[in-house]
Number of protein chains: 2
Amino acid sequence: MNTTTMGKEASLDGLEFDGDTVLCRVCGDKASGFHYGVHACEGCKGFFRRSIQQKIQYRPCLKNQQCNIMRVNRNRCQYCRLKKCIAVGMSRDGT
Amino acid sequence: MNTTTMGKEASLDGLEFDGDTVLCRVCGDKASGFHYGVHACEGCKGFFRRSIQQKIQYRPCLKNQQCNIMRVNRNRCQYCRLKKCIAVGMSRDGT
DNA sequence: GAACTAGGTCACTAGGTCAA
DNA sequence: TTGACCTAGTGACCTAGTTC
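Residues numbered from 1 in each chain as written. Chains lettered and ligands numbered in written order. Predicted model: local features only at pLDDT ≥ 70, side-chain atom pairs only at ≥ 80, totals over all residues. Heavy atoms only, no water.

Q: Describe the packing of helix H1 (residues 42-53) of chain A against helix H2 (residues 78-87) of chain A, and please don't skip the residues or the numbers.
A: Between two packed helices, the angle of one axis relative to the other and the distance separating the axes together describe the packing. All names here are of chain A. Where H1 meets H2, the closest approach of the two axes is 10 Å, and the angle between their N-to-C directions is 95°. If you check the angle between H1 and H2, you find them roughly perpendicular. Facing H1, whose interface residues are Gly 43, Cys 44, Phe 47, Phe 48 and Ser 51, H2 presents Gln 78, Arg 81, Leu 82, Cys 85 and Ile 86. Grouping the constituent residues of the contact of H1 with H2 by class yields 6 nonpolar, 3 polar and 1 charged. (Axes fitted to C-alpha atoms, helices over the stretch in contact; angles between N-to-C directions. Helix = DSSP H or I, 4+ residues; strand = E, 2+ residues; numbered from the N terminus. Parallel < 35°, antiparallel > 145°, perpendicular 65-115°, else oblique. Contact = heavy atoms within 4.5 Å. Nonpolar A, V, L, I, M, F, W, Y, C, P; charged D, E, K, R; others polar.)

Q: Can you break down the protein's contact with DNA strand D residue by residue, with the values?
A: In the neighbourhood of DNA strand D, 18 residues make up the surrounding shell, with A:Glu42, A:Arg50, B:Glu42, B:Arg50 and B:Arg74 lying closest. A share of 62% of the atoms of DNA strand D within 4 Å of the protein falls on sugar and phosphate groups. One nitrogen or oxygen atom from the side chain of A:Gln78 is found 2.9 Å from a phosphate oxygen belonging to DNA strand D. Looking at the surface near DNA strand D, the elements that each hand over two or more residues are H1 and H2 of chain A together with helix H1 (42-53) and helix H2 (78-87) of chain B. Grouping the amino acids of the surface near DNA strand D by side-chain chemistry returns 2 nonpolar, 6 polar and 10 charged. (Near = heavy atom within 4 Å. Polar contact = N/O pair within 3.5 Å; in protein donor to acceptor, adjacent residues only side chain to side chain.)

Q: Would you mind going over H1(A) in detail, with residue names and values included?
A: Residues and elements named next belong to chain A. Helix length check: H1, at 12 residues, gives a terminal C-alpha distance of 16 Å against a target of 16 Å (1.5 Å per residue), a fit within 8%. All of the buried residues along H1 are Cys 44, Lys 45, Gly 46, Phe 47, Phe 48 and Ser 51. Those residues of H1 hidden inside the fold are in contact with strand S3 (33-35) and H2. A positive backbone phi angle near 45° is found at Lys 55, which sits one or two residues after H1. (Expected span 1.5 Å × (residues − 1). Buried < 20%, exposed > 50% of the residue type's maximum accessible area, 1.4 Å probe, protein only.)

Q: Report on the pattern of salt bridges, specifying residues and quantitative values.
A: All names here are of chain B. Summed over all chains, the structure comprises 5 salt bridges over all chains. Asp 29 is paired through a salt bridge with Arg 74; the nearest N and O atoms lie 3.0 Å apart. Within this pair, whereas Asp 29 is found in the loop between strand S2 (21-22) and strand S3 (33-35), its partner Arg 74 is found in the loop between H1 and H2, the two being separated by 45 residues in sequence. (Salt bridge = Lys/Arg side-chain N within 4 Å of Asp/Glu carboxyl O.)

By themselves, these observations are geometric and do not establish any function.
Okay, structure coming up:
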């Protein structure tokens, strides 16, 4: 998963700290805690919960299914957001 | 099923040891001791204690009341968890 | 004294709520 | 549909009491 995310300022993928704030592994927003197995923000927590509760099937990504999920655009593509949630390890059993 | 636990690691039902660790008879997690009459983990111990203290009536299982209780999903169905606690022999006076 | 467990504590999170 | 906020339930840890 978190393959060296090229320089940047530390990429959300590999990092979970920004100073002393824990960041959401999905979108990089401030994490509100450890949810479903990963540090996540309220938004991604709720999004993932809804996704598994209702077994939602999101409309496929219109681009290349590789949308870069960030706080500001996380609601742009549900398909890729859920994909990212799973990729970073979110699961019902908080594995 | 019972009987020969065929290879596997020996079904939680009949076994209490996994190597040299005693396992919780309810969920298979690591037991923290002998509680209410059976080897149980801190989680199931606390769950059972609360259940008998407050005489809680859990909402009936939405499935077939035969949920397979395991460490990762033990919080999924309280009804079946308590059922399992009783089934394996937990009781207030640690009979 | 050591070894043990019933019951208490409380930081933490899953899931619910509902205004936006 | 989202996500900030809320609450009830969970479980790791602690303490008091019991037994050897």
